[in-house]
Amino acid sequence: MSNPITRSYGIPSLNTKLAFWYQLAEMIKEGTVVPVPANYKMTRKANIVLTQQITVLRNAVVDMGVASLA
C-alpha cells in the first residue's frame, strides 16, 4: 500500500528504523509512553511469546514503507 505514511516510513535507513523502535521500547520501559507496573513479572510462556513477537516485528520493520522516490 502506498500512501503518505508508508512513503514517509520508507525514507529512513534500516538502522534509523531500528533506532526508532528501540527508542520507543526504552520509553515504554521508562514509563513515559506506556507505563508498566514496577512489580509486573512475565510468566515463562509470556516471555517466549514476546521473544517470538519481537522476531516477527523485527522482520516486519525491515520491509515496511515504500521507497521514497518510487
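Note: the structure precedes this text.
No experiment lies behind these values; they were computed from the predicted model shown.

A. Spatial organisation of the overall build of the protein chain. When helices and strands are tallied, the protein chain shows three helices and zero strands. Counted from the first residue to the last, the protein chain has its helices and strands arranged as α-α-α. Its C-alpha atoms give the protein chain a radius of gyration of 15 Å, more than 25% over the compact-globule value 11 Å for 70 residues. With the principal axes as the frame, the protein chain shows a C-alpha extent of 45 × 25 × 20 Å. The burial tally for the protein chain puts 9% of its 70 residues in the buried class.

B. Representation of helix H3 (residues 44-63) in the model. Compared with the 28 Å implied by 1.5 Å per residue over 20 residues, the 30 Å span of H3 between its first and last C-alpha is a close match. Looking at the residues trailing H3, positive phi occurs at Gly 65, about 90°.

C. Local environment of the pattern of salt bridges. Across all of its chains, the model carries one salt bridge by this definition. Between Glu 26 and Lys 29 there is a salt bridge; the shortest N-O distance is 3.8 Å. Within this pair, Glu 26 and its partner Lys 29 are both found in helix H2 (residues 14-30), separated by three residues, close to a single helical turn.

D. Highlighting the packing of aromatic side chains. This structure, assessed with the given rule, holds one aromatic pair. Between the aromatic rings of Phe 20 and Trp 21, the centroid separation amounts to 5.0 Å while the plane-to-plane angle is 80°, which identifies the pairing as edge-to-face. Residue classification places Phe 20 among the partly exposed positions, given a relative accessible area of 47%. Trp 21 gets classed as partly exposed once you look at its relative accessible area, which sits at 35%.

E. Molecular detail of the environment of Thr 51. Within the secondary structure, Thr 51 sits in helix H3. Take Thr 51: its relative accessible area is 46%, and that puts it in the partly exposed class. It is 25 Å that separates the C-alpha atoms of Thr 51 and Pro 12, two residues lying 39 residues apart in sequence. In terms of polar contacts, Thr 51 uses its side chain to reach the backbone carbonyl oxygen of Asn 47, at 2.9 Å.

Calculation criteria
- Residues numbered from 1 in each chain as written.
- Predicted model: local features only at pLDDT ≥ 70, side-chain atom pairs only at ≥ 80, totals over all residues.
- Heavy atoms only, no water.
- Helix = DSSP H or I, 4+ residues; strand = E, 2+ residues; numbered from the N terminus.
- Rg over C-alpha atoms; globule rule 2.2 N^0.38 Å.
- Buried < 20%, exposed > 50% of the residue type's maximum accessible area, 1.4 Å probe, protein only.
- Expected span 1.5 Å × (residues − 1).
- Salt bridge = Lys/Arg side-chain N within 4 Å of Asp/Glu carboxyl O.
- Phe/Tyr/Trp six-rings, centres within 6.5 Å; stacked < 30°, edge-to-face > 60°.
- Polar contact = N/O pair within 3.5 Å; in protein donor to acceptor, adjacent residues only side chain to side chain.

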